[in-house]
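# Close look at the chain arrangement
In case you want the letters, here they are:
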Amino acid sequence: MEFINKKINPDKTTCPLDCYDGCEIEFDGQDLKGSKTHPVTRGYLCYKMDKFLKYQRIKTPRYKGEEVSLEEALDILSAKLKEFKDGNNLFLKGSGNLGKLQSITKEFFARFGFVGTKGSLCDGSGDAGIKEGRGANLLVPLYEVKNSEVVVIWGRNPEVTNTHLSPLLKDKKIIVIDPYRTNLSKKADLFLQIKPRGDLFLVFLLARIIYMQQLEDEDFIENRCEGFEDFIELIEEYHLKQLSKLCGIDIDKAWEMVDLISDKKTLFLVGIGVQKYITGHYVLRAIDSLATMLGLFGKSGSGVSFLSDSSYGFKKLFKDFQKRVTLPNIDFSKFDMVFIQGANPLVSMPSTKKVKEGWDKAKFRVYFGLYENESAKEADLILPVVDFLSKEDVRASYGHEFIGFMPKLRDSKSGISEYELTNFLLKKFFDDKLKDEKEYIKEFVSSNSIEKDGLLISKNYRDTPYKNGFFTESKKFIFLDEYDDDFLEDYEDDEGYYLLTRKDKKSLNSSFFSDEYLYIPPILGFSDDEEVRVISDYGEAIFKIKIDKNLRNDTLLTKTGNPKQNYLTPNFCSIEGDNASFQELKVRIEKVL
Ligand SMILES: Nc1nc2c(c(=O)[nH]1)N[C@H]1C(S)=C(S)[C@@H](COP(=O)(O)OP(=O)(O)OC[C@H]3O[C@@H](n4cnc5c(=O)[nH]c(N)nc54)[C@H](O)[C@@H]3O)O[C@H]1N2
Ligand SMILES: Nc1nc2c(c(=O)[nH]1)N[C@H]1C(S)=C(S)[C@@H](COP(=O)(O)OP(=O)(O)OC[C@H]3O[C@@H](n4cnc5c(=O)[nH]c(N)nc54)[C@H](O)[C@@H]3O)O[C@H]1N2
Ligand code: SF4
Ligand SMILES: [Mo]
């Protein structure tokens, strides 16, 4: 365990936020600064972390709107747990803090018989597609990104969501595939302003061109893959023109992309934008199939990086729930007690109207978090938590291979940590207690980390991932061989508008600042600050608008965290991965008179 102790630097910690970058932070007791020596952070933090200590926190617990002491709040919680002991109770944890010890609360709630959740509001469908083809979802490590020649930014917006990646993109040929004209797309060597939900068809179009020109890597396909013929059969069901129409990209442009990527060390950086649909798993599996066709896996400077499974290979530390319900379509009304930790379901979950109706019928709702938000407002009991500077933790990242420690750096005057709350409840109800926090951290780290170049990384990145085989049973990549889409015909006419969401610089999902505008293309004839009603099959909402000429004419946009956006979204899950399908809809727009 020596190496772990050596790596814990008493003045450094790691950003806990749900973000690709997992930055290392220096704290001098007053300010937070980006660590200069960390290979990702390189001495700067983002807008959100720069302002982190200034955001207003919840300081005092509240019961039915009245401030109470922490002791009183814990007594109320205990009494309610006793009252609903034999009832149907739900534990829901969001992604407010990505520390591994955040899940320690499961040690109590799972043992007490609470129902947990499965599925995701984020990357679940893409992750499922990757696992089907590759067996495990690993990213292209940073030391390899440096070696790539062409980087394809696909449904991802690194200038906002992954700011520390930007320096690595200099001097590379850049291709951007996005329905929105992002800043990066304006500087890119090629920009494909794709039709929303068109990504699978663009892959088919590119793959057909590659196959027609015999540019595929025959050796790689022969030795490292299964089902290539089935993939070719699948893509040949479509004419080039039909594919071009379905993705909204001219055939010439697709040729241009093939010319740019063939025989190059190409890296696909894929974000959640391509998979906010019920068919999300197909898209990632198809992008993987395209990369495999070109022999891009397991080699320097190339491959496909999505949001990786950062827990892959690590020991699971805590108990899990016996029963779990799918997160995107939870019906809160089925539950007596609902315990929310580090989430804001009244904004983040799809179909807000349904969520609220259920929420109002649940018998007792607890919100355990850092900030005031819509869910806190509608909770019976509010328990303030301490922030990441006042508790022990460790994290891995879905955007790079490094492990980050989060030692406790200061005491907190208010709030309670996840560890302390769990210990309190275990003592009260089971006369039991947890191990020391540091023990769990050691257990986690030692289960799958090694030191490389003086830093701690996940063992899976000791060699370039997939160099020695994929993680499927046969160790081979399995090509996409089917595509079944009941929703496609809904998109074939030109009626209605796509509604996209993308992350904002100043917010982390619904935390911090929230942008409440609806962005619309100039062609619709509205002007800034007019009010419009937006209607979908699932609900409606009124927004103030901003005109945005970076949008396609068939597309509207809100920023993630907009408190009204999910009034419009459907709550059914993706075909695979139990993911929310936030963009599986078209909307109408009306002037508010
Ligand atoms: N500043 C900031 N950073 C964040 C977050 C934040 O809220 N704020 N959130 C964090 C979290 S939780 C996550 S999951 C990551 C996500 O990070 P990203 O993957 O970058 O996520 P988004 O911004 O949702 O979407 C990325 C891009 O997908 C595009 N897009 C939408 N629909 C489609 C489509 O059909 N096809 C294609 N090709 N593109 C499409 C959008 O226009 C957008 O530019 O970011 C993390 N980082
Ligand atoms: N329409 C639409 N909806 C979306 C998305 C989209 O693209 N479009 N994106 C989705 C995505 S990618 C994600 S990841 C989800 C995120 O959705 P959520 O997981 O609900 O994330 P937040 O809205 O940021 O809420 C996080 C909460 O965690 C609390 N918190 C912060 N630190 C701590 C801590 O240390 N301990 C505890 N106990 N609490 C803490 C804060 O008070 C904050 O309220 O939203 C999803 N919702
Ligand atoms: S870029 Fe991401 S990881 Fe880095 S400080 Fe900002 S939110 Fe945290
Ligand atoms: Mo996310």
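This report concerns the structure included in the present document. The residue numbering used here restarts from 1 in each chain and proceeds along that chain's sequence as written. Chains carry letters from A onward and ligands carry numbers from 1 onward, assigned in written order. Restriction of local features to residues with pLDDT of at least 70 applies here, the model being predicted, together with a cutoff of 80 or more for giving and counting side-chain atom pairs; totals for whole chains, interfaces and linings are based on all residues. Water and hydrogen atoms play no part in the side-chain values, which are based on all heavy atoms of the structure.

## Here we look at the overall build of the chain
Numbering of helices and strands runs from the N terminus, with a helix taken as a DSSP run of H or I at least four residues long and a strand as a DSSP run of E at least two residues long. Helix and strand counts for the chain stand at 20 helices and 30 strands. Both definitions apply: the radius of gyration is a C-alpha atom measure, and the globule rule equals 2.2 Å times residues to the power 0.38. Computed over its C-alpha atoms, the radius of gyration of the chain comes to 24 Å, within 12% of the 25 Å expected for a compact globule of 593 residues. By principal-axis analysis of the C-alpha atoms, the chain measures approximately 70 × 65 × 45 Å. The classification of residues rests on relative accessible area computed with a 1.4 Å probe and restricted to protein chains. Under 20% of the type maximum is buried, over 50% is exposed, and intermediate values are partly exposed. Per-residue burial over the chain gives 61% buried out of 593 residues. Residue contacts are defined here by distance: any two heavy atoms, one from each residue, within 4.5 Å place the two residues in contact. At a minimum sequence separation of 6, the contacts of the chain that also span at least 24 residues come to 76%. For accessible areas, the Shrake-Rupley method is used with a probe of radius 1.4 Å. Any residue's cover is judged against the shown protein chains and nothing else. Within the structure as shown, the chain displays about 24400 Å² of accessible surface, and the carbon and sulfur contribution to it stands at 44%. His is not counted, nor are the chain ends, whereas Lys and Arg count as positive and Asp and Glu as negative. Where a charge sits is defined by one atom per residue type, namely NZ (Lys), CZ (Arg), CG (Asp) or CD (Glu). For the chain, the centre of its 87 positive side-chain charges and the centre of its 97 negative side-chain charges are spaced 5 Å apart.

## Structural notes on the site of ligand 1
Note on terminology: near, applied to a residue and a molecule or strand, indicates that one of the residue's heavy atoms is within 4 Å of it. The full set close to ligand 1 counts 37 residues, and Asp178, Asp199, Tyr277, Ser507 and Asn509 are the nearest of them. Distance and chemistry together define a polar contact, namely a pair of N or O atoms within 3.5 Å, with one atom able to donate a hydrogen and the other to accept it when in protein, and with adjacent residues in sequence counting only for side-chain atoms on both sides. A distance of 3.3 Å separates a nitrogen atom of ligand 1 from a polar atom in the backbone of isoleucine 177. Take aspartate 504: an N or O atom from its main chain is 2.9 Å from a nitrogen atom of ligand 1. Alone, ligand 1 offers 920 Å² of accessible surface; in the complex the protein occludes 99% of this. Looking at the shell around ligand 1, the elements with two or more residues in it are helix 7 (158–161), strand 23 (497–502) and strand 24 (507–508). In terms of residue count, strand 23 provides more of the shell around ligand 1 than any other element does, three residues in total. For this classification, the nonpolar set comprises Ala, Val, Leu, Ile, Met, Phe, Trp, Tyr, Cys and Pro, the charged set comprises Asp, Glu, Lys and Arg, and every other residue, Gly included, is treated as polar. Here the shell around ligand 1 is built from residues that sort into 16 nonpolar, 10 polar and 11 charged. Mapping the shell around ligand 1 onto the domain boundaries places at least three of its residues in each of domain 2 (124–306 + 464–478) and domain 3 (496–591). Each domain's extent was defined by an automatic or database domain assignment.

## Quick look at the packing of aromatic side chains
Two rings from Phe, Tyr or Trp (for Trp, the six-membered ring) form a pair when their centres are within 6.5 Å of each other. A pair whose planes differ by under 30 degrees is stacked, one over 60 is edge-to-face, and the rest are tilted. Overall, the coordinates contain 44 aromatic pairs when judged by the stated rule. Look at phenylalanine 52 and phenylalanine 388: their rings are 5.3 Å apart centre to centre, the planes differ by 75°, and that puts the pair in the edge-to-face class. Taken together, the residues phenylalanine 52 in the loop between helix 2 (47–50) and strand 4 (62–63) and phenylalanine 388 in the loop between strand 17 (381–384) and strand 18 (393–395) connect sequence positions 336 residues apart. Given a relative accessible area of 2%, phenylalanine 52 falls into the buried group. Between the aromatic rings of phenylalanine 91 and phenylalanine 339, the centroid separation amounts to 6.0 Å while the plane-to-plane angle is 10°, which identifies the pairing as stacked. With a gap of 248 residues between them, phenylalanine 91 in strand 6 (residues 90–93) and phenylalanine 339 in strand 15 (residues 337–341) connect regions that are remote in the sequence.

## Some remarks on the site of ligand 2
Taken together, 34 residues sit near ligand 2, with Ser348, Asn373, Glu418, Ser510 and Asn566 positioned nearest. In the model, an oxygen atom of ligand 2 is placed 2.8 Å from a nitrogen or oxygen of the serine 95 main chain. At 3.1 Å, a side-chain N or O of lysine 503 approaches a nitrogen atom of ligand 2. Protein contact buries 96% of the 930 Å² of open area that ligand 2 shows by itself. It is strand 16 (residues 364–369) that provides the largest number of residues to the shell around ligand 2, a total of three residues. When grouped by side-chain class, the residues that make up the shell around ligand 2 number 11 nonpolar, 18 polar and five charged. Residue-level mapping places the shell around ligand 2 at the junction of two domains, with at least three residues from each of domain 1 (57–115 + 328–394 + 411–438) and domain 3 (496–591).

## A word on the sheet that holds strand 6
Whenever strands of a sheet pair, they do so through backbone hydrogen bonds, lying parallel or antiparallel. A pair of strands is labelled paired if DSSP reports no fewer than 2 bridges between them. With respect to topology, six strands assemble into an open sheet ordered 5-4-17-16-15-6, the strand pairing being mixed. Looking along the sheet, the strands with just one partner apiece sit at the ends: strand 5 (66–67) and strand 6. Here strand 6 runs beside strand 15; their pairing, made up of four bridges, is parallel. What sits directly across from lysine 93, in strand 15, is glutamine 341. Contacts between helix 3 (residues 70–83) and the sheet are confined to strand 4, strand 15, strand 16 and strand 17, with strand 17 contributing the most and set at about 130° to the helix. Whenever a helix is involved, its axis is fitted only over the stretch in contact; in every case the axis is a line through C-alpha atoms, and angles between N-to-C directions fall within 0 to 180 degrees.

## A closer look at the packing of helix 10 (residues 199–212) against helix 13 (residues 240–247)
At a minimum axis distance of 8 Å, the contact between helix 10 and helix 13 shows a crossing angle of 150°. The handedness of the crossing between helix 10 and helix 13 comes out as left-handed. Together, Phe201, Leu202, Phe204, Leu205, Arg208 and Met212 of helix 10 and Leu240, Leu243, Ser244, Leu246 and Cys247 of helix 13 make up the contact between the two elements. When the residues that make up the contact of helix 10 with helix 13 are grouped by side-chain class, the tally is nine nonpolar, one polar and one charged. The crossing is said to be left-handed when, going from far helix to near helix, the turn is anticlockwise and less than a right angle, and right-handed when the turn is clockwise.

## Considering empty space enclosed by the protein
Each cavity reported here is a set of points on a 1 Å grid over the protein atoms alone in which a 1.4 Å probe fits but cannot get out, each pocket an open set with protein on both sides within 12 Å along at least five of seven lines, and each lining residue one with an atom within 4 Å of a point. Grid points are joined across faces, edges and corners, and a volume is the space filled by probe spheres set on the points. Throughout the structure, instances matching the rule amount to seven cavities of 30 Å³ or more. Within this model, the largest cavity holds a volume of roughly 110 Å³. Residue lining of the largest cavity: 16 residues in total, with Cys15, Cys19, Asp21, Cys23 and Cys46 positioned closest to the centre. Among the elements of the structure, helix 2 and helix 7 are those that each provide at least two residues to the lining of the largest cavity. Of the residues belonging to the lining of the largest cavity, the class tally is eight nonpolar, five polar and three charged.

## A closer look at the pattern of salt bridges
We count a salt bridge whenever a side-chain nitrogen from Lys or Arg sits within 4 Å of a carboxyl oxygen from Asp or Glu. Summed over the entire model, instances satisfying the criterion amount to 36 salt bridges. Linking glutamate 372 and arginine 62 is a salt bridge whose minimum nitrogen-to-oxygen distance equals 2.9 Å. Residue glutamate 372 is located in the loop between strand 16 and helix 18 (374–377), and its partner arginine 62 is located in strand 4; the two are separated by 310 residues in the primary sequence. With relative accessibility at 43%, the residue glutamate 372 sits in the partly exposed group. The shortest N-O distance in the salt bridge between glutamate 540 and arginine 533 comes to 3.2 Å.

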